[in-house]
Amino acid sequence: MREAELIRMAQAGDHDALVELLRSIEASVYRSAYYILGNEQDALDASQEALIRIYRKLDTYQEKAKFATWVQRIVSNVCMDKFRAKKETVSIDEHELIIPDRNNVEDEILLTSLSSDIQQAIGKLPKQYRMVVVLRYLEDLSYQEIAETLDLPLNTVKSYLFRARQQLQELLHDYQKGGIG
């Protein structure tokens, strides 16, 4: 079933359509929250809260904006609320990257290490840069969609992304010399 149909049916009170719609966005909501907040527990809390807000506010969604943009705005707002509620913490949990169908163990270790390095570098970015990086590269939103999601001018989004890429390059370069930290 198409997303637009699910939305209309859910807004009309179809419980099954609502459940299917929420399940279809659940992974994306969690992924965004995880990369913005930087640890699993906060991401689980934020994604659950975001899904509840989406459920409660679904009747206010209008097709003027893409559904994904509307959803990401809610996720971003929930994450910003979490930033305001407490200071950032650094997660000490290591998250494994599972790479299916690989025969070369060395490649798997290298990819796992690279993924961890990138994740750590993203976590070191200031929150406004981290948000635009997550929305652009993990959620694949356009610059305009990011501007709408975060309620920022388009040029600010471009500037944040430019600066974030510069900082990521420096962080990853520093890591190659001796570790991020």
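The notes below deal with the structure included here. (Residues numbered from 1 in each chain as written. Predicted model: local features only at pLDDT ≥ 70, side-chain atom pairs only at ≥ 80, totals over all residues. Heavy atoms only, no water.)

Across its full length, the protein holds 8 helices and 0 strands. Reading the helices (α) and strands (β) of the protein from amino to carboxyl end gives α-α-α-α-α-α-α-α. Buried positions account for 36% of the 181 residues belonging to the protein. Long-range pairs, those at least 24 residues apart, make up 63% of the contacts in the protein with a sequence separation of at least 6. As displayed, the protein offers around 11,200 Å² of accessible surface, 49% of which is attributable to carbon and sulfur atoms. (Helix = DSSP H or I, 4+ residues; strand = E, 2+ residues; numbered from the N terminus. Buried < 20%, exposed > 50% of the residue type's maximum accessible area, 1.4 Å probe, protein only. Contact = heavy atoms within 4.5 Å. Areas by Shrake-Rupley, 256 points an atom, 1.4 Å probe, with all protein chains shown as cover.)

Its 23 residues give helix 2 (residues 15–37) an end-to-end C-alpha distance of 31 Å, which sits within 8% of 33 Å, the value for a rise of 1.5 Å per residue. Of all bends in helix 2, the biggest is about 40 degrees, found at Ile 25. One side-chain oxygen at the N-terminal end of helix 2 lies 3.0 Å from the backbone nitrogen of Asp 16; it belongs to Asp 14. Positive phi appears at Gly 38, one or two residues downstream of helix 2, with a value of about 90 degrees. (Expected span 1.5 Å × (residues − 1). Bend = angle between axes of the 7 residues up to and from the residue. Polar contact = N/O pair within 3.5 Å; in protein donor to acceptor, adjacent residues only side chain to side chain.)

Now for the pattern of salt bridges. Proximity of charged atoms lets side chains of opposite charge pair with each other. This structure, assessed with the given rule, holds 7 salt bridges. Here Lys 82 makes a salt bridge to Glu 49, at a shortest N to O gap of 3.8 Å. Taken as a pair, Lys 82 in helix 4 (residues 67–85) and Glu 49 in helix 3 (residues 40–57) lie far apart in primary sequence, 33 residues in all. A relative accessible area of 24% means that Lys 82 is categorised as partly exposed. Judged by relative accessible area, which is 30%, Glu 49 ranks as partly exposed. Salt-bridge contacts for Glu 145 lead to Lys 66; the nearest nitrogen and oxygen are separated by 2.9 Å. (Salt bridge = Lys/Arg side-chain N within 4 Å of Asp/Glu carboxyl O.)

Here Ser 32 is to be found in helix 2. Since its relative accessible area comes to 0%, Ser 32 is described here as buried. Those residues in contact with Ser 32 that sit more than four places away from it in its chain are Gln 72, Val 75, Val 134 and Glu 139.

Any functional reading would require information beyond the geometric quantities listed.
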